[in-house]
Amino acid sequence: MTDSQHLGLSAAELEATGSFWTAREIEQQPRMLLHTHALVAALQAELAGFAGEITGNVGARVILTGAGSSAYIGQCLAPLLDRLLPARVDAVPSTDIVSAPELYLDPAQPLLLVSFGRSGNSPESLAAVALVEARVDTASHLVITCNSAGALVRAPARRLMTLQLPEETHDLSFAMTSSFSCMMYATLAALTGTSTLAQRIEVISSAMRQAIETSNDYLRELAGRGHGRVAYLGSGLLQGVAREAALKLGELSNGAIVTCYETPMGFRHGPKTFLDADTLVFVFVSNNALTRSYDLDLLEELRNDGVAARIIEVSAVASTPDVRSGIALPELQQAADVELLWPCVAIAQLFAFHCSRALGLAPDQPNKQGTVNRVVQGVRLHGVP
């Protein structure tokens, strides 16, 4: 790939088909992860001082919040952060906080609200901050954003810190790609510290780059087959990736491809009826020995059933030598599941990008009707201070 190419396609072709920004923003992610790590490392002392009083308090709570893809950042990380930090950690979409604040906000429990915002202009994000300010006695706000000019960084709050990511991560395309991966990494680094991640960021970045480079042609060919249904399955932290993958494909196909997500074990309990002869199934396989055993059981079952068109195993250690039915992540054979998040999400983004193009859509703006937008519109807020 050269400077005039992205994802193996010329800049001229990408621009002519409304694909340039999506391709560039997918491809830049390994480099942007390194930049994000350096940025967070430089602010580590300030971040620890700001967040530590709550994250280190067993009686306090951290809520990771956002809408759409931003909500799935929290769902990827919350189970791990809840184990690593003394405070309780939950992922709660801003849309849930705004529509039912009494279920999620405890006035007496100290709270750190971590708000994700590519643009920082989502009305729900701003409303969530206002509700926390009005309803929680002791609250702090960590805003992780890609846009220094967004309204979220100026939200009225008693105590607020902004973690501003590199400007390049402020994706210009319709779908979140580098903004998703870099806000996810920034959150992990900000709340757990960069010292341990300093030993792994090069590996994570390299694995993401390899996933993009080695799976791109395969995923383009797969997208060209025109399958109308795709299921994404993932256990543990990878369930969040499955949700993001389903959303990404729905967005970039403008709803033309029907998607679903589940855990491998949960898939048997009804959602398996989604499968037919036109369905692709992506299984993001865990590296955890116990979790992996359940993932592989489901893979074997699906292969034996012979119902789905194809089962795609995304795994650091492939369960089958058939390269046509899997995507390998060889640099991560001994990695913790959290490190699988970034190459797995890149694979999901690539497939959605190529499906969009195969459908004759413009990935940079696939919804020509204007019924959905890069920054959500048409939200009427009720009961917000």
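What you see is a predicted model; the values in this text were computed from it and never measured.

A.B. asks: Just checking my understanding: could you explain the environment of Ala-316 for this structure?
C.D. replies: You can see Ala-316 is positioned in the loop between strand 11 (310–315) and strand 12 (326–328). Its relative accessible area of 5% is what places Ala-316 among the buried residues. When the C-alpha atoms of Ala-316 and Leu-332 are compared, they prove to be 5.6 Å apart, with 16 residues separating the residues in sequence. In contact with Ala-316, not counting residues within four places along its chain, are Asn-287, Leu-329, Pro-330, Leu-332 and Gln-333.

A.B. asks: How should the pattern of salt bridges be read in this particular structure?
C.D. replies: Oppositely charged side chains are able to pair whenever their charged atoms sit close together. All chains considered together, the criterion is met by 14 salt bridges. Measuring nitrogen to oxygen at the nearest pair gives 2.8 Å for the salt bridge that ties Asp-90 to Arg-61. Note that Asp-90 is positioned in strand 4 (residues 88–91) and Arg-61 in strand 3 (residues 61–65), a separation of 29 residues in sequence. Here Asp-90 matches Arg-61 in class, with each residue buried. The partner of Glu-251 in a salt bridge is Lys-248, with the nearest N and O atoms 3.2 Å apart. Of the two residues, Glu-251 and Lys-248 both sit in helix 12 (residues 238–252), three residues apart, roughly one turn of that helix. What makes Lys-248 buried here is its relative accessible area of 1%. Through salt bridges with shared partners, a single ionic network connects Arg-268, Lys-272, Glu-301 and Asp-305.

A.B. asks: Help me out: how do you make sense of helix 5 (residues 69–84) in this one?
C.D. replies: Taking 1.5 Å of rise per residue, the 16 residues of helix 5 would be expected to cover 22 Å, and the 23 Å separating its terminal C-alpha atoms lies within 8% of that figure. The largest bend along helix 5 reaches roughly 45 degrees and is located at Ala-78, with the proline Pro-79 sitting one to four residues downstream. Regarding helix 5, the residues found buried are Ser-69, Ser-70, Ala-71, Tyr-72, Ile-73, Gly-74, Gln-75, Cys-76, Leu-77, Ala-78 and Leu-81. Each element contacted by the buried residues of helix 5 is listed here: strand 3, strand 4, strand 5 (111–117), helix 9 (178–192), helix 12 and helix 15 (337–358).

About the thresholds
- Residues numbered from 1 in each chain as written.
- Predicted model: local features only at pLDDT ≥ 70, side-chain atom pairs only at ≥ 80, totals over all residues.
- Heavy atoms only, no water.
- Helix = DSSP H or I, 4+ residues; strand = E, 2+ residues; numbered from the N terminus.
- Buried < 20%, exposed > 50% of the residue type's maximum accessible area, 1.4 Å probe, protein only.
- Contact = heavy atoms within 4.5 Å.
- Salt bridge = Lys/Arg side-chain N within 4 Å of Asp/Glu carboxyl O.
- Expected span 1.5 Å × (residues − 1).
- Bend = angle between axes of the 7 residues up to and from the residue.

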